[in-house]
Amino acid sequence: MEVKIEPSWKKHLEEEFGKSYFQELTTFVKDEYKKGAVYPPPKYIFRAFELTPFDDVKVVILGQDPYHNIHQAHGLSFSVEEGQRLPPSLQNIFKEIESDLGESLKNKTGDLSRWAKQGVLLLNATLTVRAHLAGSHQGKGWEAFTDAAIRALSDQREHLVFILWGNYARTKGTHIDRSKHLVIESPHPSPLAAHHGFFGSKPFSRANEYLIEHSKEPINWL
């Protein structure tokens, strides 16, 4: 079975495509798209990998599910299509950037592909979702696949920053070698949790300090 994914990622994840769980997942996802609305559009399922090739990754921001309303999800965690209203979590992320870096955002659009192109892998644990049903594609195999992506980065790269917001993202942190990568953990930026430790956690300046310390170009979050 041919999986259309960015070539460098394909090389590192090749083994996964032959596993029975991935074949079952593929069948399930194809059926779901035939039955009704599923997000993101099929061409965007692997977009996080497309925009941030394996050797270009500097920072990983882990999300849980794609957004499940129309014209929102486009394959990048926390990001929405150009021109869409900012979801509450993204509003809080932008507030923390301004507070952390002490500057106003120059780009207030919710399309975060500008980060992805600088080396920020915006990866959801689950890469598809049925319309209006959060979590509907969890437990079908995507988690094993995205765990493999995180493991590959942890094992084969050095001095990356992994930003884990909320308990769900933290569970993915078990695959990261903390002796050679920076892991930044805090509560989730959602309105329910942001005031319990997300605000003031300064993940953006901390990530950039670490990248500079290891002779890497910092991310322009603004």
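Heads up: the structure comes first, above all this text.
These numbers were taken from a predicted model, which means no experiment stands behind them.

**Q** Whenever I open this one, the pattern of salt bridges confuses me. Can you help?
**A** Between side chains of opposite charge, a pair can form as their charged atoms come close. For the coordinates displayed, the defined rule picks out seven salt bridges. Note that aspartate 147 is salt-bridged to lysine 172, the shortest N-O span being 2.6 Å. Taken together, the residues aspartate 147 in helix H6 (residues 142-156) and lysine 172 in helix H7 (residues 166-172) connect sequence positions 25 residues apart. Residue class for aspartate 147 comes out buried when judged on its relative accessible area of 16%. Judged by relative accessible area, lysine 172 falls into the buried class, the value being 5%.

**Q** Even after reading the chapter, I still don't get the packing of aromatic side chains, so can you show me in this structure?
**A** Aromatic ring pairs are defined here through the distance separating the ring centres and the angle between the ring planes. One pass over the structure, following the stated rule, counts 18 aromatic pairs. Ring geometry for tryptophan 115 versus tryptophan 221: centroids 4.9 Å apart, planes at 85°, classification edge-to-face. Here tryptophan 115 is found in helix H5 (residues 113-116), whereas its partner tryptophan 221 is found in the segment after helix H8 (203-213), with 106 residues between them in sequence. Judged by relative accessible area, which is 0%, tryptophan 221 ranks as buried. Ring geometry for phenylalanine 204 and tryptophan 221: centres 5.0 Å apart, planes at 70°, overall edge-to-face. Here the residue phenylalanine 204 occupies a position in helix H8, and tryptophan 221 occupies one in the segment after H8, the gap between them amounting to 17 residues. Considered together, phenylalanine 204 and tryptophan 221 belong to a single accessibility category, that of buried residues. In textbook terms, an aromatic cluster arises when at least three aromatic residues are bridged by ring pairs, as seen for Trp9, Phe17, Tyr21, Phe22, Phe46, Phe49, Phe54, Trp142 and Phe145.

**Q** When you look at the environment of asparagine 208 in this model, what are you seeing that I'm missing?
**A** Within the secondary structure layout, asparagine 208 lies in helix H8. Of the residues examined, asparagine 208 reaches a relative accessible area of 12% and is grouped as buried. Counting along the chain gives 175 residues from asparagine 208 to tyrosine 33, while the straight-line C-alpha distance between them is 39 Å. Not counting residues up to four positions away in its chain, the partners in contact with asparagine 208 are Pro218, Ile219 and Trp221.

**Q** Help me understand empty space enclosed by the protein, please; the structure alone is not making it clear to me.
**A** A probe matching the size of a water molecule, rolled over the atoms, marks out where space remains unfilled. The full count for this structure, using the stated rule, is one cavity of 30 Å³ or more. Considering the residues around the largest cavity, the lining is formed by Leu62, Gly63, Gln64, Phe78, Trp165, Tyr168, Ala169 and His188.

**Q** Explain the packing of helix H2 (residues 20-35) against H6 to me, please; I cannot follow it from the model alone.
**A** Angle between the axes and distance between the axes: these two values describe a pair of packed helices. Across the interface, H2 lies against H6 with an axial gap of 9 Å and an inter-helix angle of 125°. As the angle between them shows, H2 and H6 are arranged oblique. Note that H2 runs across H6; the crossing there is left-handed. Residues Tyr21, Phe22, Leu25 and Val29 of H2 touch H6, and the partners they reach there are Trp142, Ala144 and Phe145. For the contact of H2 with H6, the residue count by class is seven nonpolar, no polar and no charged.

**Q** Would you explain the sheet that holds strand S6 (residues 182-186) in this entry?
**A** If you trace the four strands from one edge of the open sheet to the other, you get S3-S2-S5-S6, paired in parallel fashion. Edge positions in the sheet fall to strand S3 (120-124) and S6, since each of these pairs with one other strand and no more. Ignoring strand direction, the axes of neighbouring strands in this sheet form an average angle of 20°. Strand direction decides the pairing type here: strand S2 (residues 59-63) and S3, joined by five bridges, are parallel. Each bridged residue has a counterpart across the sheet, and for glycine 63 the counterpart in S3 is asparagine 124. Against the sheet, H6 makes contact with S2, S3 and strand S5 (161-165), and its axis sits at roughly 150° relative to S3, the strand it touches most.

**Q** Help me out: how do you make sense of the packing of helix H4 (residues 88-101) against H8 in this one?
**A** Where H4 contacts H8, the two axes come as close as 8 Å, and the packing angle between them is 60°. Judged by the inter-axis angle, H4 sits oblique to H8. Every residue of H8 that contacts H4 at Ile93, Glu96, Ile97, Asp100 and Leu101 is listed here: Pro203, Phe204 and Ser205. Of the residues belonging to the contact of H4 with H8, the class tally is five nonpolar, one polar and two charged.

Thresholds, definitions, all that
- Residues numbered from 1 in each chain as written.
- Predicted model: local features only at pLDDT ≥ 70, side-chain atom pairs only at ≥ 80, totals over all residues.
- Heavy atoms only, no water.
- Salt bridge = Lys/Arg side-chain N within 4 Å of Asp/Glu carboxyl O.
- Helix = DSSP H or I, 4+ residues; strand = E, 2+ residues; numbered from the N terminus.
- Buried < 20%, exposed > 50% of the residue type's maximum accessible area, 1.4 Å probe, protein only.
- Phe/Tyr/Trp six-rings, centres within 6.5 Å; stacked < 30°, edge-to-face > 60°.
- Contact = heavy atoms within 4.5 Å.
- 1 Å grid on protein atoms, 1.4 Å probe; cavity = no way out; pocket = protein on both sides within 12 Å on 5 of 7 lines; lining within 4 Å.
- Points joined across faces, edges and corners; volume = space filled by probe spheres on them.
- Axes fitted to C-alpha atoms, helices over the stretch in contact; angles between N-to-C directions.
- Parallel < 35°, antiparallel > 145°, perpendicular 65-115°, else oblique.
- Left-handed = near helix turned anticlockwise from the far one by under 90°.
- Nonpolar A, V, L, I, M, F, W, Y, C, P; charged D, E, K, R; others polar.
- Pairing = 2+ DSSP bridges.

Remember that the coordinates give geometry; whether it matters functionally is a separate question.
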